[in-house]
Amino acid sequence: MSQDLLSWSLLIAQVMLGLAMICATYRVLRGPRAQDRVVGLDTVYVNSMILLLTFGIRSGTDLYFEAALVIALLGFVSTAALAKFLMRGEVIE
């Protein structure tokens, strides 16, 4: 019973995360301002990271967890760089 519940919960979570990624991608493409696009991009990378984690839980392999860690690190750095660029107009001082 609990294995079936976990399987269905992961499937529903993956579908919802996919829908959230579609909505965030729309915000990235059609955002009225650059700040909206950065927030949408941040949402896309967080959703993709969590989607990879759910794939890892479902399959039981460690490869998905390592990929999610790399996405988290690169996403944080890119969000910080884009925010600094939008505030000052330069990334490297």
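Remember, it's a predicted structure, so these values are computed and weren't measured experimentally.

J.: So what's going on with the packing of helix α1 (residues 2-30) against helix α2 (residues 34-59)? Which residues, and what values?
T.: Remark: α1 packs on α2, axes separated minimally by 8 Å, with the N-to-C direction vectors making an angle of 160 degrees. It follows that α1 is roughly antiparallel to α2 by the angle criterion. The two elements α1 and α2 meet at a crossing, and its hand is left-handed.

J.: An account of the side chain of Thr 54 is needed here, citing residue identities and associated values.
T.: Among the structural elements, Thr 54 can be located in helix α2. The buried category is assigned to Thr 54, whose relative accessible area is 9%. Within the structure, the side chain of Thr 54 is placed 3.5 Å from the side chain of Gln 14, a separation counted as a polar contact. Those residues within four positions of Thr 54 in sequence are excluded, and the remaining contacts are Leu 10, Gln 14 and Leu 17.

J.: Before we move on, can you summarise the environment of Ile 57 with the specific residues and values?
T.: When you line up the elements, Ile 57 lands in helix α2. Along the backbone, Ile 57 and Ser 7 are 50 residues apart, and their C-alpha atoms lie at a distance of 9.6 Å.

J.: Can you tell me about the nonpolar core, naming the residues and giving the values?
T.: Nonpolar side chains tend to gather and get buried jointly when the protein is soluble and globular. Counting five residues, the largest nonpolar core consists of Leu 17, Met 21, Ala 24, Val 44 and Leu 51. Contributions of two or more residues to this core are made by α1 and α2. Tallying contributions element by element places α1 first for this core, with three residues. Val 44 has contacts with Met 21, Ala 24, Thr 25 and Val 28, leaving out every residue within four places of it along the chain.

J.: I'd like a description of the side chain of Ser 48, backed by residues and values.
T.: Along the chain, Ser 48 turns up in helix α2. For Ser 48, the side chain forms a polar contact with the main-chain oxygen of Tyr 45, separated by 2.9 Å. Here Ser 48 is in contact with Met 21 and Ile 71, once residues within four sequence places are set aside.

J.: Before we move on, can you summarise the UniProt feature "transmembrane region" (unreviewed entry) in the protein chain with the specific residues and values?
T.: With numbering aligned to this structure, UniProt lists the feature "transmembrane region" (unreviewed entry) at residues 6-26, 38-57 and 63-87. Across residues 38-57, the secondary structure splits into 100% helix and 0% strand, with the terminal C-alpha atoms separated by 29 Å. Annotation note: span residues 63-87, helix share 100%, strand share 0%, distance between end C-alpha atoms 36 Å.

J.: An account of the packing of aromatic side chains is requested, with residue identities and associated values reported.
T.: If you walk through the whole model with that rule in mind, you get one aromatic pair. Arranged with centres 6.1 Å apart and planes meeting at 45 degrees, the rings of Phe 55 and Tyr 64 form a pair that is tilted. Judged by its relative accessible area of 31%, Tyr 64 is partly exposed.

What counts and how
- Residues numbered from 1 in each chain as written.
- Predicted model: local features only at pLDDT ≥ 70, side-chain atom pairs only at ≥ 80, totals over all residues.
- Heavy atoms only, no water.
- Axes fitted to C-alpha atoms, helices over the stretch in contact; angles between N-to-C directions.
- Helix = DSSP H or I, 4+ residues; strand = E, 2+ residues; numbered from the N terminus.
- Parallel < 35°, antiparallel > 145°, perpendicular 65-115°, else oblique.
- Left-handed = near helix turned anticlockwise from the far one by under 90°.
- Buried < 20%, exposed > 50% of the residue type's maximum accessible area, 1.4 Å probe, protein only.
- Polar contact = N/O pair within 3.5 Å; in protein donor to acceptor, adjacent residues only side chain to side chain.
- Contact = heavy atoms within 4.5 Å.
- Core = buried A, V, L, I, M, F, W, Y, C linked by side-chain atoms within 4.5 Å.
- UniProt positions renumbered as here; feature names shortened; annotations may be inferred.
- Phe/Tyr/Trp six-rings, centres within 6.5 Å; stacked < 30°, edge-to-face > 60°.

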